[in-house]
Amino acid sequence: MAPLADPRSPIVTRPVLVLRPPPGDAATATRLIEAGLQPIRLPLFAATPLEWRRPDGSFDALLLTSANAVRHAGPGLAALCDLPVVAVGAATADAARAAGLTVAVVGGGDAETASALARARGWLRMLRLAGRERIPLADVTDVPVYGADPVPLPPGALAVAAGAVALLHSPRAARRFAALIDRDTVDRTAVRIAALSPAVAAAAGEGWACAPSADRPTDAALVALAARLAIDRSGRGGDKAGHG
């Protein structure tokens, strides 16, 4: 049995890097503050709307796997109000309702599960509003409505990552974060990663102090993981969080 932590040991709380684009970064930062943590917002990408139109053909449902798709779809969203919405999670469902759409199904946070729930209802012809960079889904027609463009970060910008916990929400963000860490010669062993999924952790590569994944692919679960990683009771700030 492991020895109990000495309650007299000083508690060291690491800052938490929030790397996702606005406005999602604000929601994550709020969750971190409510958990008693110190967020540092450093977006790696910024979302921008794209021109689009509803494709020809008939569809059974509208699949939404990101609230950004709703935010950036613009006036064209009105042309889809006849379709029931299958939302990847609660935040996306709230954005869809606020835009005047009818939400029929709310998934647990990942696109494949939401798509499976729609097929279980017999909705086989799905239209998805998505980002320009996305993971294709079988038998789903994608319409890109926004792009996520890299935010220019000056040399040395990632120095704040040393001794911090970095939240990674996507494989693309993980790859860019790793590249910037190496560019700025930050020691990977000084950085703890909290990844949204095993695929996101894998995209970040090797060499981190630890790189566990959230138990569910949701922002709330990711913040809960960050809270576990950000608190040291050793008083030395050592990396003993484990490798998940």
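Residues numbered from 1 in each chain as written. Predicted model: local features only at pLDDT ≥ 70, side-chain atom pairs only at ≥ 80, totals over all residues. Heavy atoms only, no water.

A. The arrangement of the nonpolar core in detail. Counting 45 residues, the largest nonpolar core has Leu158, Phe177 and Trp208 as its most contacted members. Where this core is concerned, the elements lending two or more residues are strand 2 (16-18), strand 10 (165-168), helix 5 (171-183), strand 11 (192-195), helix 6 (198-204) and helix 7 (219-230). A per-element tally of this core places helix 7 first, with 7 residues. Residues within four places of Leu158 in sequence aside, it is in contact with Leu42, Leu153, Phe177, Leu180, Ile181, Asp184 and Val186. In terms of nonpolar packing, the next biggest core, distinct from the first, is built from 24 residues, Leu64, Ala73, Val85 and Ala93 among them. (Core = buried A, V, L, I, M, F, W, Y, C linked by side-chain atoms within 4.5 Å. Buried < 20%, exposed > 50% of the residue type's maximum accessible area, 1.4 Å probe, protein only. Helix = DSSP H or I, 4+ residues; strand = E, 2+ residues; numbered from the N terminus. Contact = heavy atoms within 4.5 Å.)

B. Representation of the pattern of salt bridges in the model. In total, this model carries 15 salt bridges according to the counting rule given. One salt bridge connects Asp60 with Arg125, and the closest N-O pair in it is separated by 2.8 Å. Remark: Arg125 occurs in the loop between helix 4 (111-120) and strand 8 (126-131) and Asp60 occurs in the loop between strand 4 (45-49) and strand 5 (61-64); sequence separation between them is 65 residues. (Salt bridge = Lys/Arg side-chain N within 4 Å of Asp/Glu carboxyl O.)

C. Broad picture of the sheet that holds strand 10. The parallel open sheet is built from 4 strands, whose spatial order is 3-2-10-11. Lying at the two open borders of the sheet, with one neighbouring strand each, are strand 3 (39-41) and strand 11. Taken pair by pair, the neighbouring strands of this sheet meet at an average axis angle of 30 degrees, ignoring direction. Relative to strand 11, strand 10 runs parallel, the two being bridged by 4 bridges. Counted as the bridge partner of Leu167 is Ala194 from strand 11. Seen against the sheet, helix 5 touches strand 2, strand 10 and strand 11 and runs at an angle of roughly 145 degrees to strand 10. Each of strand 2, strand 10 and strand 11 touches helix 7; the most contacted strand, strand 11, lies at about 160 degrees to it. (Pairing = 2+ DSSP bridges. Axes fitted to C-alpha atoms, helices over the stretch in contact; angles between N-to-C directions.)

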